[in-house]
Amino acid sequence: WSLRERAAVWDVRLEELRAYKRKYGNCNVPTKFEENPQLGRWVRSQRTHYKRFLEGHPSPMTEEHVEALNTVGFEWSLRERAVVWE
């Protein structure tokens, strides 16, 4: 894939994520999302790329992607949402 093709796919997935959020109210697409399996895998990959980006490792994540995902309301870590049982 060329850089242009990868950028186009990234933009398509971002639009799909926006549509998912409009429908479900969040950006927590299941990894095995039956309606759009590629979107579920992409969301998981964004979290992995972001972690590597923060750690200073090579990653396709960019500041622009981080900003775009933050604008949508992307949750970078689902562990922070863990329910505490009383």
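This text follows the structure it describes.
How each quantity is defined
- Residues numbered from 1 in each chain as written.
- Predicted model: local features only at pLDDT ≥ 70, side-chain atom pairs only at ≥ 80, totals over all residues.
- Heavy atoms only, no water.
- Salt bridge = Lys/Arg side-chain N within 4 Å of Asp/Glu carboxyl O.
- Helix = DSSP H or I, 4+ residues; strand = E, 2+ residues; numbered from the N terminus.
- Buried < 20%, exposed > 50% of the residue type's maximum accessible area, 1.4 Å probe, protein only.
- Axes fitted to C-alpha atoms, helices over the stretch in contact; angles between N-to-C directions.
- Parallel < 35°, antiparallel > 145°, perpendicular 65-115°, else oblique.
- Contact = heavy atoms within 4.5 Å.
- Nonpolar A, V, L, I, M, F, W, Y, C, P; charged D, E, K, R; others polar.

Engineer: Help me understand the pattern of salt bridges in this model?
Structural biologist: It is possible for side chains of opposite charge to pair when their charged atoms get near one another. Scanning the model with the defined rule gives 3 salt bridges in all. The closest approach of N and O atoms between Arg 13 and Glu 16, which form a salt bridge, is 3.1 Å. With Arg 13 and Glu 16 both in helix α1 (residues 3–24), this residue pair falls 3 residues apart, about one helical turn. A salt bridge links Arg 18 to Glu 15; the nearest nitrogen and oxygen atoms lie 2.3 Å apart. With Arg 18 and Glu 15 both in helix α1 and 3 residues apart, the pair spans about one turn of that helix. The class for Arg 18 is partly exposed, based on a relative accessible area of 29%. Note on Glu 15: relative accessible area 42%, which makes it partly exposed.

Engineer: What exactly am I supposed to notice about the packing of α1 against helix α2 (residues 37–54) here?
Structural biologist: Packed helix pairs are characterised by how far apart their axes lie and by the angle those axes make with each other. Running from N to C, α1 and α2 point in directions that differ by 105°, and their axes come no closer than 10 Å. In terms of orientation, α1 and α2 fall into the roughly perpendicular class. Here α1 contributes Trp 10, Arg 13, Leu 14, Glu 16, Leu 17 and Tyr 20 to the contact with α2, which in turn contributes Gln 38, Leu 39, Trp 42, Val 43 and Gln 46. Of the residues in the contact of α1 with α2, the class split is 7 nonpolar, 2 polar and 2 charged.

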